[in-house]
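# An overview of the molecular structure
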Amino acid sequence: MLKKKKKTASVKPKLLQVIDSIPEKIFAQRRKHFIGQMLPDSVAFILSNPERIRSNDTEYPYRQSSDVLYLSNFPEPQTVLILSNIDKKIEFKMIVRPRNREREIWTGRRFGVEGAIEKFACQEAYTIDQFVPVIREILAQAKNIYYKFGRNEELDKLFEPEWKRSSCSLHNPESITHEMRMVKDVSELVLMNQAAAISAEAHCTAMKLCKTGMMEYQLQAEIERVFKSKGASGPAYGSIVAGGTNTIILHYTENNMPLKNGELLLIDAACEYQGYASDITRTFPINGKFTEAQLDIYNLVLEAQKAAISIAKPGVTLKQLHEKASQVLRKGLIELGVLSPLMASAEAEEKALKHGSKNDNKATPIVLRDLYMHGTGHWLGLDVHDVGTIGTRSKHAKTRPMEAGMVFTVEPGLYFDPEDKRLPKKYRGIGVRIEDDVVITKSGCEVLTSGVPKEPDEIEELMAGSD
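The model shown is predicted, which means the values in this text are computed figures rather than measured ones.

Analysis parameters
Residues numbered from 1 in each chain as written. Predicted model: local features only at pLDDT ≥ 70, side-chain atom pairs only at ≥ 80, totals over all residues. Heavy atoms only, no water. Helix = DSSP H or I, 4+ residues; strand = E, 2+ residues; numbered from the N terminus. Buried < 20%, exposed > 50% of the residue type's maximum accessible area, 1.4 Å probe, protein only. Contact = heavy atoms within 4.5 Å. Polar contact = N/O pair within 3.5 Å; in protein donor to acceptor, adjacent residues only side chain to side chain. Arc of directions from axis to C-beta. Pairing = 2+ DSSP bridges. Axes fitted to C-alpha atoms, helices over the stretch in contact; angles between N-to-C directions. Parallel < 35°, antiparallel > 145°, perpendicular 65-115°, else oblique. Left-handed = near helix turned anticlockwise from the far one by under 90°. Nonpolar A, V, L, I, M, F, W, Y, C, P; charged D, E, K, R; others polar. Salt bridge = Lys/Arg side-chain N within 4 Å of Asp/Glu carboxyl O. Phe/Tyr/Trp six-rings, centres within 6.5 Å; stacked < 30°, edge-to-face > 60°. Lys NZ or Arg CZ within 6 Å of the ring centre and 35° of its normal. Core = buried A, V, L, I, M, F, W, Y, C linked by side-chain atoms within 4.5 Å.

Below, the discussion takes up the overall build of the chain. Scanning the chain from terminus to terminus reveals 15 helices and 19 strands. Along the three orthogonal principal directions, the C-alpha set of the chain runs to about 70 × 50 × 45 Å. Relative to its full complement of 467 residues, the chain shows a buried share of 54%. Relative to all contacts within the chain whose residues are 6 or more apart in sequence, the contacts with residues 24 or more apart total 71%.

Spelled out as structure tokens, the structure:
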């Protein structure tokens, strides 16, 4: 746990608050706090992401590593932030690309050494070709180094032999940065609120424009047009626009099929704004009217989502939200005749599955995990699956008590395989997911993405043109 608590903001979900960027003094405070968490006589190297080739001599649009953004907002590749407290002297240095008139004509202006010092408040700056001599000199003075291998392979190859020649102990800087990033400060929440509002507007646009016969990619284009037109950098992740039975594919991204009358459309798409992600999913009828069977499933997922959100407050965990949503889904599916009354708990499901696996003549019973195979939420921030999400970043991601300023998604769903003959025929092929972004406040929570409707009658009214 951090020694200091960050101040959190009370956000207004439908208000488009705009700031150009986080003030430099905030980044300076973050760096100071980071250095304060290091061991004595330590130096940390925070690396930029490498550039990635898309094909032949073209590259994917560059996206800076989130930790570099968090500590400096410096956008360029081939960058290293150097933070140290050697001999109790607090220092912030940078290694950056040099100015190069010929390269800048082709690929854009660079800040260079001068810009790094003047605009990003580092005390000293060096060019990337000086990486080895710079780190060699620093390692000779340090006892501990914070460096994450695997972030930038090119720099790793240069760094590893220098570290092995030193007597420094190796530590992971993410043990500090990722803890800091878990709780969002006021400026971060303003940016996330803006990202959520832009994404909500894009979903509303899709609902208004959706018509039978359109292609999935046509709505994708409209959604992403809204992102860019409102100042977002673009999608925070690959947009999912899934009609009909494509709704049961969790990460469907082909988006190349026609929208058919009488089927549902699931859109999981959101923008990144000033580095911060949003994440929204809505499911609605392509022709503007839910069928009875679609409403059965939709209302159950909506009930589960509302139940999970209703208990979100400081001290509650993501695991508890998942258990709450699962409890509602099990009860509803039993009432709809999808699950056996014997499957009323996770423990009963486990017992039935073990028993069924030993009896080849018995059909394996339907359990909730057959219809709901993902978690109810994940942390959200500079990454769409932000630090603290899934065991790769935190061993206690699902059981960590929430604090004011933490942002996460709540996204229960149900997915009925069209080929699973154990299911009632009327539900086969239906997929529903409803996802909102939620921030914990001092006494409860607020939904950032409330700007897009999710009540069935409100969706139908919006699609019919009745605002």
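So that's the structure; there's more coming.
For the rest of this paragraph, the subject is the environment of Gln220. Structurally, the position occupied by Gln220 is in helix α9 (residues 216-229). Between the C-alpha atom of Gln220 and that of Ile240, which follows or precedes it by 20 residues, the distance is 7.9 Å. Here Gln220 is in contact with Ser239, Val241 and Asn255, once residues within four sequence places are set aside. There is a polar contact of 2.9 Å between the side chain of Gln220 and the side chain of Asn255.

Our focus in this paragraph is helix α5 (residues 131-139). Within α5, burial applies to Phe131, Val134, Ile135, Ile138 and Leu139. Projected down its long axis, α5 carries its buried residues within an arc of 125°, all on one side. Structurally, α5 contributes buried residues whose contacts are with β1 (42-47), β4 (80-84), β5 (91-96), β6 (124-127), β7 (144-147) and α6 (153-165).

Once that is clear, we can look at the sheet that holds strand β19 (residues 445-447). Pairing is antiparallel across the open sheet formed by three strands, whose spatial order is β15-β18-β19. The open sheet has two edge strands with one neighbour each: β15 (407-410) and β19. The mean inter-strand angle of the sheet, taken between neighbouring strand axes irrespective of direction, is 35°. In this sheet, β19 lies alongside strand β18 (residues 436-440) in antiparallel orientation, the contact comprising three bridges. Across the sheet, Val439 pairs through a bridge with Glu446, a residue of β19.

Let us now look at the sheet that holds strand β10 (residues 240-243). Strand order in the open sheet made by the three strands is β10-β11-β14, with antiparallel pairing throughout. Only two strands of the sheet have a single partner each, and these edge strands are β10 and β14 (281-285). The sheet shows a mean angle of 15° between the axes of neighbouring strands, taken without regard to direction. The pairing of β10 with strand β11 (residues 264-268) spans four bridges and is antiparallel. Note on β11: the bridge partner recorded for Val241 is Ile267. Relative to β14, helix α8 (residues 186-209) is tilted by about 15°, and along the sheet it contacts β11 and β14.

Here we take up the packing of α8 against helix α15 (residues 456-464). Packing of α8 against α15 brings their axes to within 7 Å, and their N-to-C directions diverge by 65°. Classified by the interaxial angle, the pair formed by α8 and α15 is roughly perpendicular. Along this stretch, α8 crosses α15, giving a crossing that reads as right-handed. Where α8 abuts α15, its residues Cys204, Met207 and Lys208 lie against Ile459, Leu462 and Met463. Residue classes in the contact of α8 with α15 are distributed as five nonpolar, no polar and one charged.

At their nearest, the axes of α8 and α9 sit 8 Å apart, and the two run at 145° to each other. The two elements α8 and α9 cross, and the hand of that crossing is right-handed. Facing Ile198, Ser199, Glu201, Ala202, Thr205, Ala206 and Leu209 of α8, the residues of α9 in contact are Leu219, Glu222, Ile223, Arg225, Val226 and Phe227. Here the contact of α8 with α9 is built from residues that sort into eight nonpolar, two polar and three charged.

Burial along β7 is two-sided: the face carrying Asn144 and Tyr146 and the face carrying Ile145 and Tyr147 are both buried. In terms of strand pairing, β1 meets β7 through four bridges, oriented parallel. In the sheet register, Ala44 faces β7, and the bridge partner there is Tyr146. With three bridges joining them, β7 and strand β8 (residues 169-171) adopt parallel strand pairing.

This part covers the pattern of salt bridges. Inspection of the entire model under this criterion finds 34 salt bridges. One salt bridge in this structure joins Glu350 and Arg369, with 2.2 Å as the shortest N-O distance. On the criterion of sequence distance, the pair formed by Glu350 in helix α12 (residues 346-357) and Arg369 in helix α13 (residues 368-371) is long-range, its members being 19 residues apart. Shared partners join several salt bridges into a network, and the residues in it are Asp67, Arg181, Lys184, Asp383 and Asp386.

A few words now on the packing of aromatic side chains. The tally for this structure, following the rule as stated, stands at twelve aromatic pairs. Ring centres of Phe416 and Tyr427 lie 5.8 Å apart, and the angle between their planes is 45°; on these two criteria the pair is classed as tilted. With Phe416 in the loop between β16 (413-415) and β17 (431-433) and Tyr427 in the loop between β16 and β17, the pair connects residues that are eleven residues apart, well separated along the chain. Residue Phe416 shares its accessibility class with Tyr427, and that shared class is buried. The rings of Phe45, Tyr147, Phe149, Phe159 and Trp163 are connected pair by pair, giving a single aromatic cluster. The lysine or arginine in question, Arg30, covers the ring of Tyr70, its NZ or CZ lying 4.1 Å from the ring centre.

Let us now look at the nonpolar core. Residues Phe34, Phe408 and Leu414 are the most contacted members of the largest nonpolar core, which totals 116 residues. Ranked by residue count, the leading element in this core is α8, at eleven residues. Apart from the residues within four sequence positions on either side, Phe34 is in contact with Ala44, Ile46, Leu71, Leu83, Pro173, Ile176, Thr177 and Met180. One finds Phe45, Ile128, Ile145 and Cys168 within the second-largest nonpolar core, a separate group that totals 20 residues.

The values are spatial; any link to function lies outside them.
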